[in-house]
Amino acid sequence: MGHRGIFKITENNYTTGYYTHWGAGTVFSGFYRLKNAYDIQVNQFPEKSISEIFGHLSYEGEYLESEDVTDLIFEQLSEDETKTEDLDFETHSMLEMRVIYNLDSNHASIEFNRFYHPRMGSFGIPINEAIHNVDLTLAITKENGIEDFIEASKIFEKGSGIYELLLESSRVKEIAREDVEDYQSKENEELEVEAE
């Protein structure tokens, strides 16, 4: 089944789309991969853009020249493919999440698919704060000998405030659903009265 998602990176006013079959399991995984790209740029390829590096990340967090999508976490999409994936995200449940990294404005938007995760909402966070919290999470996991990625994700979500954002977005969605149900219930009652 996988953890499917669409990632979009805006850098220097240009947006590149990526599909991932396994990289959208947690909010942490996306930011962790973005940190991999920043680290690779600083330490190996300062001439390459983050978008280019992101599209060549291996599952081990290394830059691969390979175009074989089975070696890479993300598959770069054409503009038309990105539009199609966006439409798919809006209309059915193939993708779990859509993540938009706007490097130009230092803002990340995380959206959970309403068909796949009906009680989850969406939220935004500054990219530099998220990357800082990835660093803190990695230091904590190393210090405590934690090697489980899901455990690291939980530490990241709680330590960075994302857990609260997730709760808030899901609660907002829950309230909206309750409002719709209340409205539909009242509407049905009114229709029943008119029918009598």
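Within every chain, residues take consecutive numbers counted from 1 along the sequence as written. Since the coordinates come from a predicted model, pLDDT governs what is reported: local features require at least 70, and pairs of side-chain atoms require 80 or more to be given and counted, while whole-chain, interface and lining totals use all residues. The basis for every side-chain value is the complete set of non-hydrogen atoms in the structure, without hydrogens or water.

Asker: Help me understand the overall build of the protein in this model?
Answerer: Tallying secondary structure elements over the protein gives 6 helices and 6 strands in all. Starting at the N terminus, the α and β elements of the protein follow one another as β-β-α-α-β-α-β-β-β-α-α-α. Type-normalised accessible area, obtained with a 1.4 Å probe on protein chains alone, sets the label of each residue: buried when under 20%, exposed when over 50%, and partly exposed for intermediate values. With 196 residues in all, the protein has 41% of them scored as buried. For every accessible area listed, the method is Shrake-Rupley and the probe measures 1.4 Å; residues are considered covered only by the protein chains on display. On the protein, roughly 11200 Å² of surface is accessible, and the fraction owed to carbon and sulfur atoms is 50%. A run of DSSP states H or I qualifies as a helix once it reaches four residues; a run of E qualifies as a strand once it reaches two. Both are numbered from the N-terminal end.

Asker: Help me understand the nonpolar core, please; the structure alone is not making it clear to me.
Answerer: Across soluble globular proteins, nonpolar side chains have a tendency to be buried as a group. The definition of a nonpolar core used throughout is a set of buried Ala, Val, Leu, Ile, Met, Phe, Trp, Tyr and Cys residues joined through side-chain atoms within 4.5 Å. With 33 residues, the main nonpolar core has F31, F54, Y101 and I110 as its most contacted residues. The element that contributes the greatest number of residues to this core is helix α1 (residues 27–43), accounting for 6 residues. In this structure, F54 is in contact with F7, I9, Y18, G30, R33, L34, A37, F74 and Y101, ignoring residues within four places of it in sequence. Formed by 5 residues, the second largest nonpolar core is a distinct cluster that contains I6, Y19, F89 and L95. By definition in these notes, contact holds between two residues if any of their heavy atoms fall within 4.5 Å.

Asker: Help me out: how do you make sense of unusual backbone geometry in this one?
Answerer: A negative phi holds for most residues other than glycine; trans holds for most peptide bonds. A positive phi is found at N13, a non-glycine position, where the angle reads about 65°. Residue position: N13 is located in the loop between β1 (5–11) and β2 (14–20). In this structure, N106 is a non-glycine residue whose phi angle is positive, near 60°. Its location among the elements puts N106 in the loop between β4 (97–102) and β5 (107–112). Judged by its relative accessible area of 30%, N106 is partly exposed.

Asker: Can you help me understand the confidence of the model for the protein in this one?
Answerer: Confidence of the predictor in every single residue is expressed as pLDDT, which spans 0 to 100. Of the residues in the protein, 82% have a pLDDT of 70 or more, and the chain-wide mean is 84. Here residues 175–184 is modelled with pLDDT under 50, and outside its nearest four sequence neighbours on either side it reaches 2 contacts, counting other chains as well. Scored below 50 in pLDDT, residues 190–196 makes 0 contacts in the model with residues more than four places away or belonging to other chains.

Asker: Mind showing me how you'd approach the packing of helix α4 (residues 127–143) against helix α5 (residues 149–160) here?
Answerer: A packed helix pair is summarised by two numbers, namely the angle formed by the two axes and the spacing between the axes. Between α4 and α5, the shortest axis-to-axis distance is 9 Å and the interhelical angle comes to 130°. One finds that α4 runs oblique with respect to α5. Crossing of α4 over α5 shows right-handed handedness. Taking contact as the criterion, the partners of A130, N133, V134, T137, I140 and T141 in α4 are, on α5, A152, I155, F156, G159 and S160. All amino acids are sorted into three groups, where Ala, Val, Leu, Ile, Met, Phe, Trp, Tyr, Cys and Pro are nonpolar, Asp, Glu, Lys and Arg are charged, and the leftover types, Gly among them, are polar. A breakdown of the residues in the contact of α4 with α5 according to their chemical character gives 6 nonpolar, 5 polar and no charged. To get an axis, fit a line to the C-alpha atoms, keeping to the stretch in contact for a helix; angles then go from 0 to 180 degrees between the N-to-C directions. Here the word oblique covers every angle except those under 35 degrees (roughly parallel), over 145 (roughly antiparallel) and from 65 to 115 (roughly perpendicular). Crossing handedness is read from the near helix: turned anticlockwise from the far helix by less than a right angle, it gives a left-handed crossing, and turned clockwise, a right-handed one.

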